[in-house]
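# Observations on the three-dimensional arrangement
Each chain is listed here by its residues.
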Amino acid sequence: MTSIVHSARAARPDDWWRSAVVYQIYPRSFADANGDGIGDIKGILSHLDYLSMLGVDVVWLSPVFRSPQDDNGYDISDYQDIDPLFGTLDDVDKLIEELHDRGIKLVMDLVVNHTSDEHPWFESSRDPQSPKRDWYWWRPPREGHEPGTPGAEPTNWGSFFSGPAWQYDPRSGEYYLHLFSRKQPDLNWENPEVRTAVFDMMSWWLERGVDGFRMDVINLISKPVLADGPETPGTGLCYDLSLVADGHRLTEFLGEMHERVLKGRNLISVGEMPGTTLEKAARYTDPQTGALSMVFQFEHVMLDNGPTGRFDSKPWPWVEYKENVTRWQKGIGQGWNSLYFENHDQPRSVSRMGDDSPRFREASAKTLATVLHMQRGTPYVYQGEELGMTNYPFEAEGDFRDIETLGYLHQALRMGTPLEDVLPGLARGSRDNARTPMQWDSGVNAGFSETGPWLAVNPNAAEINAAAQLVDPDSVFHHYRRLIQLRHDDKVVQLGELEMLFPDDERLVIFTRTWGEGQLLVLANVTSEPVRLPLGLPDHGACEVVIGTHEVDDVDVLAGWESRVVRLS
Ligand code: TEU
Ligand code: CA
């Protein structure tokens, strides 16, 4: 295994994010200050000391812009105003000020692959004579097909939310492209006017004081040639992500964004890139030639996908995950990795790859955190992950709110799948698992809101909540706090070379981190049974345990879900 020796280049001031930890807030579910059952910015403002206690350096705020809320704010109708649901621009200015006072930076969610269909740009674009017609992807019906009839769509592309990715517009007799919901028309980045409008908006937010952007599906902004792709069996459509990911002008568009907006600023930028590859991610994040600080890759969060994707998932494959970690740690070169298990689109990791039973929930949540945070890269903590929040016990269609979940459910029913066959997979994989209200305390609605929240609170909130964990030094919360502190203090954690040991052992995750003379050994049992450590490990018995989940009673055995980080030198 050729190990790339990471350059000993001292971290530049603009590499501050190489030792940072980011906390993602999904505003709709974080804290509700005005009692309408939906989270808001004033709710966030009332919990900033909690974030300071945790020790995070950056907050990534999911969209709070004006939006019809078709995709919970990822359908934006005004990029430079705040939806009244969440508050006002003054609230955002206050949030920037209050976070900066605490030494915390703010990253906004940049959703510019598409707008809402209620954005004035799109409303103007609907008119074939409009100068904004070419700001979106309008195409005539397929040759020889009656407009508006099935099969008349310009290509056979499927939407991420099920169904065709083209919507017929009777007014003009043409179709517009929407890779997501029909209320999320894709912007045409081939049009320089679109790029200028986006770049001007980005600069406007930077002038307002934000410290960077998380760029929603940014590798979809360059579209491939509009042509049919391989049909996904039984659907009559092409759902092949590789068809639309990383289009041929992506590097050019990102380069222009870097030149015109990002360059020379002390920013953090993370590109969400479903379907991207390691080779491309290394290029996009190369400090010399790349445009971005880091990307969110999707290879690892698709390892447990079943035949039709996330809604018929299989058990988490630890050996494949370890291979993925090794590949990305070694292959990112001079670039940089984001490290995540959770976000607002992923189920809760303690339920997905841990053990959320009462006996093992806390230990497995802490061990998953250790496995992720001890890697080289920038870790992302999703709201509630630091508490070991679990999936929700969804039982019926009416329990769900997520447009992706419901789209998949309705498509499955249309294809004749019985409801009882599709529900278990939906319950395991639904994005709603991440969107149940943040569990602040054991009171009404878990302290999230005074009134019934938009999505049910997890019934286990009485056992799993921030109030209980803040006062318990052995809680999952304080384990995250210690991991974050360790990253801030220790160059081996920040920059050390990762070497995976015993890669084929599906019960254990064991790796070293080496930086100069310093070396740490991570030992993790990712099963619920005790495991005796294999022979051939570096001698670690007498070493300092830097962070662990259990009192060590036998250095050669890890209890169920026990992990330890020891300092070898
Ligand atoms: O997610 C894009 C995306 O890839 C996810 O929708 C993911 O592919 C899907 O959930 C996999 O099943 C971003 C946002 O994070 C997501 O919340 C939005 O719904 C989507 O883009 C459209 O803006
Ligand atoms: Ca509210």
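Because the structure is a prediction, the values reported are computed rather than measured.

### Structural notes on the packing of helix H12 (residues 403-414) against helix H13 (residues 419-429)
- Direction vectors running N to C along H12 and H13 enclose 155°, while the axes themselves pass 10 Å from each other. Between H12 and H13, the angle is such that the two are roughly antiparallel. Crossing of H12 against H13: the hand is right-handed. Where H12 abuts H13, its residues Thr405, Tyr408, Leu409, Ala412 and Leu413 lie against Leu419, Val422 and Leu426.
- Here the residues of the contact of H12 with H13 sort into seven nonpolar, one polar and no charged.

### Focus on the side chain of asparagine 458
- Mapped onto the elements of the fold, asparagine 458 is located in the loop between H13 and helix H14 (466-470).
- Among the polar contacts made by the side chain of asparagine 458, one reaches the side chain of threonine 390 at a distance of 3.4 Å.
- From its side chain, asparagine 458 meets the backbone oxygen of asparagine 391 in a polar contact 3.0 Å long.

### A closer look at the coordination of the calcium ion (ligand 2)
- Within the protein, the atoms that donate to the calcium ion (ligand 2) are Asp32 (OD), Asn34 (OD1), Asp36 (OD), Ile38 (O) and Asp40 (OD), at distances of 2.2 to 2.4 Å.
- Read in sequence order, the donor residues coordinating the calcium ion (ligand 2) give the pattern D-x1-N-x1-D-x1-I-x1-D.
- Judged by its relative accessible area of 4%, aspartate 40 is buried.

### Brief notes about the environment of glutamate 98
- Mapped onto the elements, glutamate 98 comes out in helix H3 (residues 89-101).
- For glutamate 98, a relative accessible area of 19% puts it in the buried group.
- Ignoring anything within four residues of it in the chain, the contact list for glutamate 98 reads Leu45 and Leu48.
- A polar atom in the side chain of glutamate 98 sits 2.7 Å from the side chain of lysine 94.

### Some details on the sheet that holds strand E13 (residues 378-382)
- The parallel open sheet is built from eight strands, whose spatial order is E11-E10-E9-E5-E2-E1-E13-E12. One side of each edge strand has no neighbouring strand; the edge strands of this open sheet are strand E11 (294-296) and strand E12 (338-339).
- Summarising the sheet, strand E10 (residues 268-272) and E11 pair through three bridges and their orientation is parallel. Within E11, the position partnered with glutamate 272 by the bridge is phenylalanine 296.
- Sitting on the sheet, H3 is in contact with strand E2 (58-61) and strand E5 (105-110), with an inclination near 140° to E5.

### A few points about the sheet that holds strand E20 (residues 563-567)
- Pairing is antiparallel across the open sheet formed by five strands, whose spatial order is E14-E15-E16-E20-E18. On the outer flanks of this sheet lie strand E14 (497-501) and strand E18 (544-548), each paired with one strand and no other. The mean angle between the axes of side-by-side strands here comes to 20°, regardless of whether they run parallel or antiparallel.
- Pairing geometry for strand E16 (residues 518-525) and E20, over five bridges, is antiparallel. Following the sheet pairing, valine 522 is matched in E20 by valine 565.
- This element, helix H15 (residues 476-489), spans E18 and E20 of the sheet and lies at about 125° to E18.

### Some details on the domain arrangement of the chain
- We note that the domain assignment places domain 1 (2-115 + 192-481), domain 2 (116-186) and domain 3 (496-567) within the chain.
- Using only C-alpha atoms to locate each centre, domain 2 and domain 3 end up separated by 54 Å.

### Describing the site of ligand 1
- Around ligand 1 lies a shell of 19 residues, among which Asp71, Asp216, Asp345, Glu404 and Arg431 are the nearest.
- Within the contact set of ligand 1, an oxygen atom lies 2.8 Å away from a side-chain nitrogen or oxygen of aspartate 216.
- In this structure, arginine 431 approaches ligand 1 through a side-chain N or O atom, which is 2.9 Å from an oxygen atom.
- Looking at side-chain class alone, the shell around ligand 1 contains seven nonpolar, three polar and nine charged residues.
- Residues lining the shell around ligand 1 come from more than one domain, with at least three contributed by each of domain 1 (2-115 + 192-481) and domain 2 (116-186).

### With respect to the packing of aromatic side chains
- In total, this model carries 29 aromatic pairs according to the counting rule given.
- Where tryptophan 316 meets tryptophan 318, the ring centres are 6.3 Å apart and the plane angle is 75°; that geometry is what we call edge-to-face.
- By relative accessible area, tryptophan 318 is classed as buried at 7%.
- The ring centre of tryptophan 138 lies 3.7 Å from the NZ or CZ of arginine 133, which sits over that ring.

### Some remarks on the packing of helix H5 (residues 192-207) against helix H7 (residues 250-262)
- Relative to each other, H5 and H7 sit at 40°, their axes nearing to 10 Å. Accordingly, the angle class assigned to the pair H5 and H7 is oblique. Every pair of crossing elements has a handedness; the one defined by H5 and H7 is right-handed. Judged by residue contacts, Arg195, Thr196, Phe199, Met202, Ser203 and Leu206 of H5 engage Phe253, Glu256, Met257, Arg260, Val261 and Leu262 from H7.
- The residue makeup of the contact of H5 with H7, split by class, is seven nonpolar, two polar and three charged.

Rules used throughout
Residues numbered from 1 in each chain as written. Chains lettered and ligands numbered in written order. Predicted model: local features only at pLDDT ≥ 70, side-chain atom pairs only at ≥ 80, totals over all residues. Heavy atoms only, no water. Axes fitted to C-alpha atoms, helices over the stretch in contact; angles between N-to-C directions. Helix = DSSP H or I, 4+ residues; strand = E, 2+ residues; numbered from the N terminus. Parallel < 35°, antiparallel > 145°, perpendicular 65-115°, else oblique. Left-handed = near helix turned anticlockwise from the far one by under 90°. Contact = heavy atoms within 4.5 Å. Nonpolar A, V, L, I, M, F, W, Y, C, P; charged D, E, K, R; others polar. Polar contact = N/O pair within 3.5 Å; in protein donor to acceptor, adjacent residues only side chain to side chain. Donors = N, O, S within 2.8 Å, 3.2 Å for Na, K, Ca; no water. Buried < 20%, exposed > 50% of the residue type's maximum accessible area, 1.4 Å probe, protein only. Pairing = 2+ DSSP bridges. Domains from an automatic or database assignment. Near = heavy atom within 4 Å. Phe/Tyr/Trp six-rings, centres within 6.5 Å; stacked < 30°, edge-to-face > 60°. Lys NZ or Arg CZ within 6 Å of the ring centre and 35° of its normal.

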